[in-house]
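So you can see what is in the structure, the chains are spelled out below.
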Amino acid sequence: MGKMLVKRIRQGNNSTLSEIYVDNMLICYGLEDAVRELKIKSETAIPAGHYPLILNTYGAMNARYKRKFPVLHQGMIEIKEIPNYSYVYIHIGNNFGDTAGCLLVGESWELIEGDYELRRSKKAYLTLYQKLIRLMAKEQVLIAISNEGASNLVTSKIAKSDGVTNGIGLTI
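Description of the structure in this document. In this text the structure is predicted, and so the values were computed from the model without any measurement.

Turning our attention to a positive patch on the surface. Where like charges cluster on the molecular surface, the positive patch consists of R64, R67, K68 and K122. When residues of the positive patch are assigned to their parent elements, the largest contribution, three residues, is made by helix 1 (residues 60-68). Inspection of the secondary structure puts K68 in helix 1.

Written out as structure tokens, the structure is:
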């Protein structure tokens, strides 16, 4: 069984930053909405847990990505079986305003005015998508979403970081 790990590492005012691993190799960074105890539609991170990945081949987002990546696209990678969530995809985006409850990916990140933003999202998406598609063609792939190691994740008011990032994920 293939494994994808979303390891949450930092929380902004409205955003949650993570590292994304496929079969124990760091591939890119992830961005979600804030971790909350109670779900607010399109504003709450995916609950920590283990979920299967599937290819969703219908819907407007699938059609957009098919037009954008006609040779590569085989369907949206959807995270299934999340309690009280539906149509949760891995996709391109840069800030918490782009998430709508989904998982965004990027090659690097910055902390801007108290929230995390991703950079080079399209490039990270294409890399991750190709790896996951190859794995999914051979076996079921599970995503594990973990809060372990993220000591600053809180469920309502978010503490601001005193640090400034250098654009490659290091606080200086």
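This paragraph deals with the environment of D33. With respect to the helices and strands, D33 occurs in strand 3 (residues 25-33). Counting along the chain gives 67 residues from D33 to A100, while the straight-line C-alpha distance between them is 7.8 Å. Side chain to side chain, D33 and T99 meet in a polar contact 2.6 Å long. Of note is the side chain of D33, whose polar atom sits 3.1 Å from the backbone nitrogen of G101.

Let us look at the pairing of strand 6 (residues 88-92). The buried fraction of strand 6 is high, at five of five residues. In the sheet, strand 5 (residues 76-79) pairs with strand 6 via two bridges, with the strands oriented antiparallel. Across the sheet, the residue bridging to I79 is V88, located in strand 6. Examined bridge by bridge, strand 6 and strand 7 (residues 103-106) share three bridges and lie parallel to one another. Directly across from I92, in strand 7, lies its bridge partner V105.

How two aromatic rings sit relative to each other is set out by the distance from centre to centre and by the angle between their planes. Overall, the coordinates contain seven aromatic pairs when judged by the stated rule. Summarising the aromatic geometry, the rings of Y65 and Y125 are spaced 5.3 Å apart at their centres and angled 70 degrees between planes, so their arrangement reads as edge-to-face. Here Y125 lies in helix 2 (residues 121-138) and Y65 lies in helix 1, a separation of 60 residues in the sequence. Taken as a pair, Y65 and Y125 share a single burial class, namely buried. Here W109 and Y116 contribute two aromatic rings whose centre-to-centre distance is 5.3 Å and whose plane-to-plane angle is 70 degrees, an arrangement assigned as edge-to-face. Classification of Y116 by relative accessible area gives buried; the value is 1%. These aromatic residues form a ring-pair network of at least three members: Y65, F69, Y125 and Y129. One Lys or Arg, K68, reaches over the ring of Y65 and ends 5.9 Å from the middle of that ring.

Cut-off values and rules
The residue numbers shown here count from 1 along each chain, following its written sequence. Residue-level local features of this predicted model are given only where pLDDT is at least 70; pairs of side-chain atoms are given and counted only at 80 or more, and the full residue set underlies all totals for whole chains, interfaces and linings. Water and hydrogen atoms were dropped before computing side-chain values, which therefore reflect all heavy atoms in the structure. In this analysis, a patch consists of residues with relative accessible area above 30% that form no salt bridge, clustered at 9 Å for like charges and at 5 Å for the nonpolar side chains Val, Leu, Ile, Met, Phe, Trp and Tyr. For the area figures, the Shrake-Rupley method with a 1.4 Å probe applies, and any residue is considered shielded solely by the protein chains shown. Salt bridge, as applied in this entry: a Lys or Arg side-chain nitrogen positioned within 4 Å of an Asp or Glu carboxyl oxygen. When charges are counted, neither His nor the chain ends are considered; positive counts come from Lys and Arg and negative counts from Asp and Glu. The atom standing in for a charge is NZ when the residue is Lys, CZ when it is Arg, CG when it is Asp and CD when it is Glu. For helices the rule is a DSSP run of H or I covering at least 4 residues; for strands it is a run of E covering at least 2, with both sets numbered from the N terminus onward. A 3.5 Å cut-off defines polar contacts: any pair of N or O atoms within that distance qualifies, except that in protein one atom must be a possible hydrogen donor and the other a possible acceptor, and neighbouring residues in sequence count only when both atoms are side-chain atoms. Each residue is assigned to one of three classes by its accessible area relative to the maximum for its type, calculated with a 1.4 Å probe on protein chains only: buried under 20%, partly exposed between the two thresholds, exposed over 50%. In this analysis, strands are considered paired if DSSP registers two or more bridges between them. The pairing test for Phe, Tyr and Trp rings, Trp by its six-membered ring, is centres within 6.5 Å, and the orientation test on the planes gives stacked under 30 degrees, edge-to-face over 60, and tilted for anything in between. In this analysis the charged atom, NZ for Lys or CZ for Arg, is taken to sit over a ring once it is within 6 Å of the ring centre and within 35 degrees of the ring normal.

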